Structures are given as structure tokens and as C-alpha cells.
Amino acid sequence: MVRRATRLTKIHEQDEKRKERMEQQFELGQKMHQSLIERLQSGDQQLQEGKKRKEIETSYTSIEEFPEGTNSDRVRVCSKDKTVLFPLFGRPVPVHCSNITSVSCSVAGAISTLRVNLDIPKQNTTDPIRPEFVGLSFIKELTFQSADPKAFVLIEKKIREWKRQRTQRESDRKKRAVIISQGSLVKFPTATAPKLRQVKIYLPGRTKGNENGQLIAHANGFRFVSTKGNTFDLLYKTIRYAIFQPAWKSETKVILHFHLYGPISAVMKGTTSRGSIPTAQDVQIYAQVDSLSSVASSSRRSYKEEMQEEVRMRREIKKRVRDFVQFITRVREHLKKREEDGKDDRFKFQAPKEKFGFKGSSGRLFYPAAHCLVSLTKLPHVVVPWDDVEFVVFERLVMRLSSFDLTFVFKDLSQEPYQIRAVPFEYLEQLQDFFNNFEIKYFTSTTSIGWAMIAKKLLKDEKSYRDFLLEEGGWPALFGERVLDEDEVEEEEPEEEVFKEYSDEGSEFVDEEDSDEFVDEDELEKEMEERKAEKKRREQADDESSEEETEEEDWEEQQRRAKLEDAKKMRAQERGQPFSDGGQLRRKKHRFL
């Protein structure tokens, strides 16, 4: 009885905790909705920018500009102008490579076929057609055939090469537009500068792997010097978060991760980069302890040798963690001096919380830190800043499933939401408590949400988003929550239907037989007696004959046990030894003495 009362007390405390969490989440939802309206009215809301119209590139403005020797019965490629001259209706028609979407060449017997798909204005879209295109007809596909099997091979190869170069130029142009210029590094004397030796650096976009070297802290930034003499500079003013993660559990990797305000050039001085410009918004310095261990022999090792190797690796990990901590301590002292001198590029080191970690899909581990959520052991590295998150959504939250999805929606609506799939259900309460303590609003959904469709519908223009917030109730209304009007009193407690979704969710965490109210021991005893009586009547009604046979078998078993105990007692008396019946005879004998 006491055990059941304790269990009901625990359930009651959990329900009270959920109720408080619901109330706080409701308040956070109202604050978030009002904040979104204020940002929209002030023009601070970052909406998805509309797609810029494609610029029409022309190669020639008149027939006189055509290259010499142009024929009206053959396809010609002009490498200088990146243009293809197609014979149409007995005259050459120029088409720039930017207006070609795809090209293919096939050979069937002695006949070679060239198919070219052209870029034409799309119909039935929100983007209106250009005024100069209204009333015109367009050619979508061109097909040419030749008796020469190799006639179109070079043409296809040339067009594909042009398109690849154009795509790379556009990508580099966009990267250059957002790359942060770091400036020059102010060096310390090499002898006095803090150093972190025997580490590796990971830069996204590098194809030659990670390089070994050492990290040196200078006056206004870090410099990584590889064993080959190549260098990479990282200034303090570009660092947003510096995250130190020691090796936990079975991990053998000590990490110092830098998350930047924006992408920087990831080219190391002394190396050459081919293709597009590599950029990086995350730079990781790490020490892999297992790579420092001795090479295992091909022969089998004994248990003692394996234990010695394990102890050696644990010691090496502790040593590497100590080196990282000492380096960070010296850098923090230097940053404190810079703050006293009035420098504004100071940043803080932070460490993730292991006890709040949770698993995602493919065994990826996520750990929350003071200012962000990180996953640094597997590629690609993930850093989700809390300041950039608008709200969180628990998707596929159905009790019969063993996992759910966790989606982070950012304040910058043009940024695609980040989703963590297949989070085990055992982390649900932990995550909800964590978000509630950090005052991060979260919603729940029993199905997966099509965020691409929502973005396409709501963020196509400012009017659609304004109507979504002001008339439709915004995000709280989308997830089934009620939005308070301005005329409603703030002191008034929310109605029960406001928490209907959360109450239904909370009720699934407890058994249906459990009650939310306290029950004393007398009531519990009466309830148990009634249940026993009801169970007995139900068994008697099911099969009376089977019950009689069971009772006879029980009576015969009791008689057999009684005879056996009498025989044991007589033999014990003959031998002059006390009869052992669970210690009962011995206790009686000591009592009479």
C-alpha cells in the first residue's frame, strides 16, 4: 500500500511539473508572437528574399557581328563568345550557353543525334512574365541529326564545359560576397606565445585531408603552423563561439572548435586550391589519441596486454586534455587583458554538458552548451546557436513510436530549418525541461511537417507573412494553441482548452488506472479487497469445474507436504536434533530457555 501511495505521489509531482511547464510555454508562445509582430512592423524581420530574375545574356546584336564562315546548314560553336549558332529555318540563330539548360548526344548506327533543351519563361508561377515576353512563342527543345557519328561529340563537350565554368564562376561570386575579411595577424614572440602542439586542423572543402601541426595564440588571433610549413590564420574578431569538448566515455578525440560569425577563406598559405574557392564557418583543432598509439601487431594479444594498452591510452587522453586546458587558460588570461584595453573582439570558451546529451540518427551525439547545440565528433560538424533559434518543434510525437524528430526553426526565415531525426523517446522529458529552463519555445506535432511548403506559402512576399501573423494567429495558431487578444487581461489564467494539446500529451505518460489525486491507505486497502473479490467471482464464473479440480489438487498437495514434515520431525527427534522448519522450532526452544 505504501509503495503504491509513493508511486501515486511521484506521478502527481510529475503532473504538477508538466502543468508548470505548460504554463510557461504558453507565456513564451505569446511573447514570441508579439515579438514577431513588432519585428515585422519595425522592418527587422528577416524574410526570404525573392528570387532575382535571370539576366538575359546576348552574344550578338546584329548579323554583321557573326563570325566569318557562318553557314546556315550546320551547328557551329563560338568559343570566344560562349555561343552556339543553330541553323533554324535556313538561317543561323545564336544562343548563349546561359540559355541552354541541358544537352545530350546519342549515336544510333551511322546517325548522330544532338538534343538541346532551352531555358524558357515558366508559366503559372508567382513571378510574372517580363513585359517584353508577353505574346511571344518560345522553343523549348531543338533536335539535330547528322550522318557523321562524331559530328556532335565536340559540340556537346564544349557546351558542358561552358556550363560548368559558368556555374563555378557564379558560386565563387556568391562566396566572395559573404566572405569575411580577417585582416593581418599581430604576432607575439615565438618563445612567449601559448602553443598547443601535436594537433590537427580540419577545414571544410579541403581535399588533401587534415594536416598535423601546432596552434599558436598571438596578440589578435590564432595561427596554425603545419609540419610542412603551411599556415592558417584565425583572428579573434571573427570567432563567435569557442567550444572545448574533452574525450568522453569511449571517445578518443579532444576537440577545440571555433564557430565563426561568417565564412572565411579556408585556403592555407603555402598551398594551392583548384576549382571553387573553399570557405569555412567552422574550424576544428583536435588531437586524436588513438593515432598516437603504437601500431598493433598482426598477432593476437593477451588480455593483460590489451589492458595495458587501454590504461596507456587513458593516460594519454588525460595528458592531452591537460594540454588543452592549459592552453585555453593562457588564452583566456590574454583575452582578459585585451578587454581591459578596450578591445571589442573578446569571446568566451564554453564546454558542452555531457549529462544533457542525446542521440540522433546514425548514432550522432548532440550536446547542449551555454550558447549553442553542438555535434562535433562526426562530419559535418553541427553548431546551432540558441540566439538564432525562434522555436523548436517535436515532430512525430506519437507514444506508440520509439523515436521522434526535433526541428529548429531560425529567426532568419530564409535559413532552412535544421532537423535531428530519430531521437529516442527516452530523451523527451529531458529536452522539454531543458528548453523550458532556457526559455526556448517549443511546439509538438504528431506528424512530420513540410517546411518547404510552409516557406513557399508564407514567405513569398511580405503581405502573406503579415496576414499569417495578424489574421491567422501566427505559429501558435498553426500548432493548435490559442493566441490572446490585446483586450484580454494578462493576469487572467489561461483556460483549460489552451493546454488541451499538452494535457493530452501529458496523459499519455501515465497509466490510465493511475489517479492524479492522493488516496490514503484505508481507501487503497478497500480498493485492493474489492479488486480481489471481483477477480475471484470472475474466475468462478468462467469455469467452476476447473476450479474444483484445482482445489482438489491443492488439498492433496497440502496433505503430502504435511506428511513429509511429520516424517522429518520424527527423524529429528530420534537423532536428538531440533527440527529445522524455517527456524521456527529453534526460536521456540530459545524462548523456553
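Residues numbered from 1 in each chain as written. Predicted model: local features only at pLDDT ≥ 70, side-chain atom pairs only at ≥ 80, totals over all residues. Heavy atoms only, no water.

Chemist: Report on the sheet that holds strand E1 (residues 76–78), specifying residues and quantitative values.
Modeler: The antiparallel open sheet is built from 3 strands, whose spatial order is E1-E2-E3. Both edges of this open sheet fall to E1 and strand E3 (91–96), since each of them pairs with a single strand only. Sheet twist, expressed as the average angle between the axes of neighbouring strands with direction ignored, equals 30°. Alignment of E1 against strand E2 (residues 83–88), held across 3 bridges, turns out to be antiparallel. In the strand pairing of E2, Arg76 is matched with Leu85. Against the sheet, helix H2 (residues 153–178) touches E1 and E2, its axis set at about 30° to E1. (Pairing = 2+ DSSP bridges. Helix = DSSP H or I, 4+ residues; strand = E, 2+ residues; numbered from the N terminus. Axes fitted to C-alpha atoms, helices over the stretch in contact; angles between N-to-C directions. Contact = heavy atoms within 4.5 Å.)

Chemist: Tell me about the pattern of salt bridges, and name the residues and values.
Modeler: When the charged atoms of two side chains lie near each other, side chains of opposite charge can form a pair. In the structure shown here, the tally under the stated rule is 15 salt bridges. Note that Asp433 and Arg21 form a salt bridge whose closest N and O atoms lie 2.6 Å from each other. Here Asp433 is found in helix H4 (residues 428–437), whereas its partner Arg21 is found in helix H1 (residues 2–42), with 412 residues between them in sequence. Note on accessibility: Asp433 and Arg21 belong to one class, buried. Between Asp323 and Arg320 there is a salt bridge; the shortest N-O distance is 3.2 Å. In this pair, Asp323 and Arg320 both sit in helix H3 (residues 303–340), 3 residues apart, roughly one turn of the helix. Look at the salt bridges and you will find they share partners, linking Arg18, Arg21, Glu429 and Asp433 into a network. (Salt bridge = Lys/Arg side-chain N within 4 Å of Asp/Glu carboxyl O. Buried < 20%, exposed > 50% of the residue type's maximum accessible area, 1.4 Å probe, protein only.)

Chemist: How would you explain the environment of Val225 if you had to name every residue and give the values?
Modeler: In this fold, Val225 is placed in strand E9 (residues 221–226). We classify Val225 as partly exposed; its relative accessible area is 23%. Note: C-alpha distance between Val225 and Gln214 (11 residues apart in sequence) is 5.6 Å. Leave out the neighbours within four places in its chain, and Val225 touches Asn212, Gly213, Gln214, Ile216, Asn230 and Thr231.

Chemist: Lay out the pairing of strand E19 (residues 389–395) with the relevant residues and their values.
Modeler: Most of E19 sits out of view: 7 of its 7 residues are buried. Bridge analysis of E19 against strand E20 (residues 403–410) gives 6 bridges, and the strand direction is antiparallel. Of the residues in E20, the one forming a bridge with Val392 is Phe408. Across 3 bridges, E19 lies against strand E22 (residues 442–444) in parallel orientation. Looking at E22, one finds that Val392 is bridged to Tyr442.

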